[in-house]
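Examination of the molecular architecture
Read off the chains here:
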Amino acid sequence: MKGSPWLYFLSQKLLELIVAFVVLVAITFLIVLLIPGDPARVIAGPDASQEHIEFTRQRLDLDLPVWQQFWNYLSGIFTGDLGQSFRTNEEVWNIVAIRLPFTVTIALGAIVVAFIGAIILGMTVAGLTRGNRNRWLDVTFSWASATLQAFPTYVYGAILVAIFAVALGWLPAGGASNVQSYILPIAALSFGAVFSVARIVRRETANVLEMDYMRTARGWRISRLKQYVKYALPNLMASTLTLSGLIFANMIGGAVVIESVFAWPGLGNGVVGAILDRDYPVIRGIILTIGVFAIMTNTMIDIVLAAFDPRTLTAGKAFS
């Protein structure tokens, strides 16, 4: 079959996006039905009469069959209407639009910090331990990185707040009042990911450093910085991105958790409040937005990977 490798690649990604979106829509609808409690009773109030509760249920369309509720939800997605908040009657899109920039900022900021930090750390350790040198450093790094990557993000958040906000008073403990407020959430979210990805980078760098072209570069007395940046880095990017893609995508979910630690006014904090209020439209709207963002982030990583390694464009497909 003849055709453009990029056209085939992008068509495959589009198909994957469609399937993932369909699954995401189904999950976001069904997941709220698993939340215990009656939304109508919560919205009506603890002292409401049974008649008022039934009126509230009808007003919120909770008396409709599940299939009809799903159809209304699906129709709203494709017409750009995610409904109104049960609690405030505010449009869900408005709630998402206000909170989304805060979540996106710390999630993307943490991904960039984690990626750059992991590249520097992993390549440095690989260079210092090349040829079984500094064996103690290799063992220490493996042990320390395996330990530090295992801690949940909220643990790092609590530690950072205790040190830099409470003990030292250098940074705010929560909120998003100024630029400094972004430092601790991004640091907490990226800390574990740095060590997870650094382990991958160290292993891939060690393999690359033993390649013939790297031996030739060392034989020509090319500066070490140039060896690593110009020759080693491009050749380890493909495998690093492939293995790290899920880690970066999972950081978006971590952002939802870390927002509660720092009272961050993003989607994560919003969905926690919506769950407590049994506010179905807000829960669905926020989870749908987070899911789409995660899917798109993973897709962008695949596209960047394809740009670094064109062989992935035709993986599983032969062009003639």
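Keep in mind that what you see is a predicted model, and the values were worked out from it rather than measured. (Residues numbered from 1 in each chain as written. Predicted model: local features only at pLDDT ≥ 70, side-chain atom pairs only at ≥ 80, totals over all residues. Heavy atoms only, no water.)

By secondary structure assignment, the location of D279 is in the loop between α11 (267–276) and α12 (280–308). Look at D279: it is buried, it has no salt bridge, and the nearest opposite charge is R87 at 6.1 Å. In this structure the side chain of D279 is engaged in a polar contact, spanning 2.5 Å, whose partner is the side chain of S85. In contact with D279, not counting residues within four places along its chain, are S85, F86, R87 and A274. (Helix = DSSP H or I, 4+ residues; strand = E, 2+ residues; numbered from the N terminus. Buried < 20%, exposed > 50% of the residue type's maximum accessible area, 1.4 Å probe, protein only. Lys, Arg positive; Asp, Glu negative; His and termini not counted. Salt bridge = Lys/Arg side-chain N within 4 Å of Asp/Glu carboxyl O. Polar contact = N/O pair within 3.5 Å; in protein donor to acceptor, adjacent residues only side chain to side chain. Contact = heavy atoms within 4.5 Å.)

A separate point is α11. Looking only at α11, the buried set comprises L267, G268, G270, V271 and A274. End-on, the buried residues of α11 take up no more than an arc of 160 degrees, which puts them together on one face. Looking at the residues trailing α11, positive phi occurs at R278, about 55 degrees. (Arc of directions from axis to C-beta.)

A few words on the confidence of the model for the protein chain. Scored by pLDDT, the protein chain has a mean of 83; 94% of the residues are at 70 or more. Highest mean pLDDT in the protein chain belongs to helix α7 (residues 153–167) (90); lowest belongs to helix α10 (residues 224–261) (76). (pLDDT = per-residue confidence, 0-100.)

Within the structure shown, the criterion is met by six salt bridges. Here D277 and R87 are joined by a salt bridge, their closest N and O atoms 3.6 Å apart. With D277 in the loop between α11 and α12 and R87 in the loop between α4 (66–78) and α5 (92–128), this pair connects stretches of sequence that are 190 residues apart. Here D277 falls in the partly exposed class, since its relative accessible area comes to 26%. R87 gets classed as partly exposed once you look at its relative accessible area, which sits at 38%. Here the residues in one salt-bridge network are R135, D138 and R202, joined through shared partners.

The interhelical angle for the contact between α5 and helix α8 (residues 183–209), taken along N-to-C directions, is 35 degrees, at an axis separation of 6 Å. The way α5 lies across α8 gives a crossing that is right-handed. Here the contact of α5 with α8 is composed, by residue class, of 22 nonpolar, seven polar and one charged. (Axes fitted to C-alpha atoms, helices over the stretch in contact; angles between N-to-C directions. Left-handed = near helix turned anticlockwise from the far one by under 90°. Nonpolar A, V, L, I, M, F, W, Y, C, P; charged D, E, K, R; others polar.)

The next point concerns empty space enclosed by the protein. In total, this model carries one cavity of 30 Å³ or more according to the counting rule given. What the largest cavity holds in volume is close to 40 Å³. The element contributing the most residues to the lining of the largest cavity is α10, with three residues. Split into classes, the residues belonging to the lining of the largest cavity amount to two nonpolar, two polar and four charged. (1 Å grid on protein atoms, 1.4 Å probe; cavity = no way out; pocket = protein on both sides within 12 Å on 5 of 7 lines; lining within 4 Å. Points joined across faces, edges and corners; volume = space filled by probe spheres on them.)

Checked against the element boundaries, S196 lands in helix α8. The buried category is assigned to S196, whose relative accessible area is 16%. Among the polar contacts listed, one links the side chain of S196 to the side chain of Q149, at a separation of 3.3 Å. In this structure S196 touches Q149 and I247, once residues within four positions along its chain are discounted.

Once that is clear, we can look at a nonpolar patch on the surface. A cluster of nonpolar side chains, namely L15, V19, V23, I27, I31 and L34, defines an oily patch on the protein surface of about 560 Å² accessible area. On the secondary structure map, I31 appears in helix α1 (residues 5–31). For I31, a relative accessible area of 36% puts it in the partly exposed group. (Patch = residues over 30% accessible without salt bridge, like charges linked within 9 Å, V, L, I, M, F, W, Y side chains within 5 Å. Areas by Shrake-Rupley, 256 points an atom, 1.4 Å probe, with all protein chains shown as cover.)

Here we take up helix α3 (residues 50–59). The complete set of buried residues in α3 reads I53, T56 and R57. End-on, the buried residues of α3 take up no more than an arc of 100 degrees, which puts them together on one face. The inward-facing, buried residues of α3 abut α2 (39–44). D61, located one to two residues past α3, shows a positive phi value of around 65 degrees.

Another aspect to go through is the layout of surface pockets. By volume, the largest pocket is sized at about 500 Å³. Taken together, 20 residues line the largest pocket, and the ones lying closest to its centre are L60, D61, G83, F86 and P281. Looking at the lining of the largest pocket, the elements with two or more residues in it are α4 and α12. Here the lining of the largest pocket takes four residues from α4, the largest share from any one element. Residues belonging to the lining of the largest pocket are distributed by class as follows: nine nonpolar, seven polar and four charged.

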